[in-house]
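One letter stands for each residue in the lines below.
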Amino acid sequence: LKHVERWLLPRLPPPRCAAMAELPAPEGFVNGCGRVFDPKEAEREGKLKSDDPFQEHYKKTGWLGAFTGAFGDKKTMYCHHLTKDGEPAVRKAKEEGKTFKDPEEVWQFIGLEKKCCGRFAFDFKTRKLVCGPVSKESHDDTNNVETCLFMANGLECPTPKEALSKK
C-alpha cells in the first residue's frame, strides 16, 4: 500500500506529556532536585551492590515485570531513600545507631541541600539515575521501614500521596 487514506488510520489519543502531570512541590520542598546517582560507581565503592537485598524493594513483579526488569525497568526509588553519599539511608542510620524524632533531623542526616520529594529515573545517555519530579498517580509505593528513613522512625514520608499509582 503506497497511499493510505487518513480516515482509515486508527485515531490514537495525543501523547501524554509528563510535564502536564507533574505535581507541585509541597511547601518547603523541591519536586526533583537533579541529583545524579551513579549505580556503577556505588557498586565499585561498595555502597550498593547489584545483588544487595536493598535492591529487592525495586524489582518489578509478575510476568510483565520480569520481562521489563530484564531491560532494567525498576520500581520507583525516591531521592530520600539514599544519603547524599549514595548509601541506603535506613541502613546507614542503623549502622551508626541513629534514630530520629523529627523530620528535620532525618533531612540533616540524609544531607541533601534541599528537601526533595522527587524520584530517580534512568538517564540512558549518561547511564546514571537522575532525580526528577514526581507526577500524579505515576509511581510505585516503595516507601517502607526498610527504604524510607522517615517511616523507619515513625515519621510521615515526604512522598506526596497523589504521586502514588492507584494500581
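Keep in mind that what you see is a predicted model, and the values were worked out from it rather than measured. (Residues numbered from 1 in each chain as written. Predicted model: local features only at pLDDT ≥ 70, side-chain atom pairs only at ≥ 80, totals over all residues. Heavy atoms only, no water.)

S.K.: Just checking my understanding: could you explain the pairing of strand 3 (residues 119-123) for this structure?
M.R.: Each regular strand shows side chains that alternate between the opposite faces of the sheet. Pairing of strand 2 (residues 77-78) with strand 3, which is carried by two bridges, proceeds in the antiparallel orientation. Counted as the bridge partner of Met77 is Phe120 from strand 3. Alignment of strand 3 against strand 4 (residues 128-132), held across five bridges, turns out to be antiparallel. Bridge pairing links Asp123 to Lys128 in strand 4. With antiparallel pairing between neighbouring strands as the criterion, strand 3 and strand 4 make up a hairpin whose turn holds four residues, including Arg127 at a positive phi of roughly 65°. (Pairing = 2+ DSSP bridges. Helix = DSSP H or I, 4+ residues; strand = E, 2+ residues; numbered from the N terminus.)

S.K.: Explanation requested: the nonpolar core in the structure shown.
M.R.: Phe37, Val106, Ile110, Phe120, Leu149 and Phe150 are the most contacted members of the largest nonpolar core, which has 25 residues in total. Going through the elements one at a time, helix 4 (89-95), helix 5 (103-110), strand 4 and helix 6 (149-152) are the ones with two or more residues in this core. When residues in this core are grouped by element, the largest group, four residues, is from helix 5. When near neighbours in sequence (up to four residues on either side) are disregarded, Phe150 contacts His80, Pro103, Val106, Trp107, Ile110, Leu155, Glu156, Cys157 and Pro158. (Core = buried A, V, L, I, M, F, W, Y, C linked by side-chain atoms within 4.5 Å. Buried < 20%, exposed > 50% of the residue type's maximum accessible area, 1.4 Å probe, protein only. Contact = heavy atoms within 4.5 Å.)

S.K.: How should I be thinking about the sheet that holds strand 3 in this particular structure?
M.R.: Backbone hydrogen bonds are what pair the strands of a sheet, in a parallel or an antiparallel way. As summarised here, the arrangement of the four strands in space is 1-4-3-2, forming an open sheet in which the pairing is antiparallel. Each edge of the sheet is formed by a strand with only one pairing partner; in this case those strands are strand 1 (36-37) and strand 2.

S.K.: Looking at this structure, I do not really get the pattern of salt bridges. What am I missing?
M.R.: Two side chains that carry opposite charge are able to pair once their charged atoms sit near each other. Taken as a whole and assessed by the stated rule, the structure comprises seven salt bridges. As a salt-bridge pair, Lys128 and Asp38 come within 4.0 Å of each other at their nearest N and O atoms. Of this pair, Lys128 sits in strand 4 while Asp38 sits in the loop between strand 1 and helix 2 (39-44); the two residues are 90 residues apart in sequence, bridging distant segments of the chain. Residue Asp38 is classed as buried on the basis of its relative accessible area, which comes to 16%. Across the pair Glu104 and Lys115 runs a salt bridge whose closest N-O atoms are separated by 2.5 Å. One end of the pair, Glu104, is in helix 5; the other, Lys115, is in the loop between helix 5 and strand 3, with eleven residues separating them in the sequence. Judged by relative accessible area, which is 45%, Glu104 ranks as partly exposed. (Salt bridge = Lys/Arg side-chain N within 4 Å of Asp/Glu carboxyl O.)

S.K.: I tried to follow the pairing of strand 4 on my own but got confused; where do I start?
M.R.: Bridging between strand 1 and strand 4 involves two bridges; their strand directions are antiparallel. Counterpart to Val36 in the pairing with strand 4 is Val130.

S.K.: Would you mind showing me how to read the layout of surface pockets here?
M.R.: Rolling a probe over the atoms, with the probe sized like a water molecule, indicates the empty space that remains. Looking at the second largest pocket, its volume works out to about 160 Å³. Considering the residues around the second largest pocket, the lining is formed by 13 residues, among which Phe29, Glu156, Cys157, Pro158 and Thr159 are closest to the centre. Split into classes, the residues belonging to the lining of the second largest pocket amount to nine nonpolar, one polar and three charged. (1 Å grid on protein atoms, 1.4 Å probe; cavity = no way out; pocket = protein on both sides within 12 Å on 5 of 7 lines; lining within 4 Å. Points joined across faces, edges and corners; volume = space filled by probe spheres on them. Nonpolar A, V, L, I, M, F, W, Y, C, P; charged D, E, K, R; others polar.)

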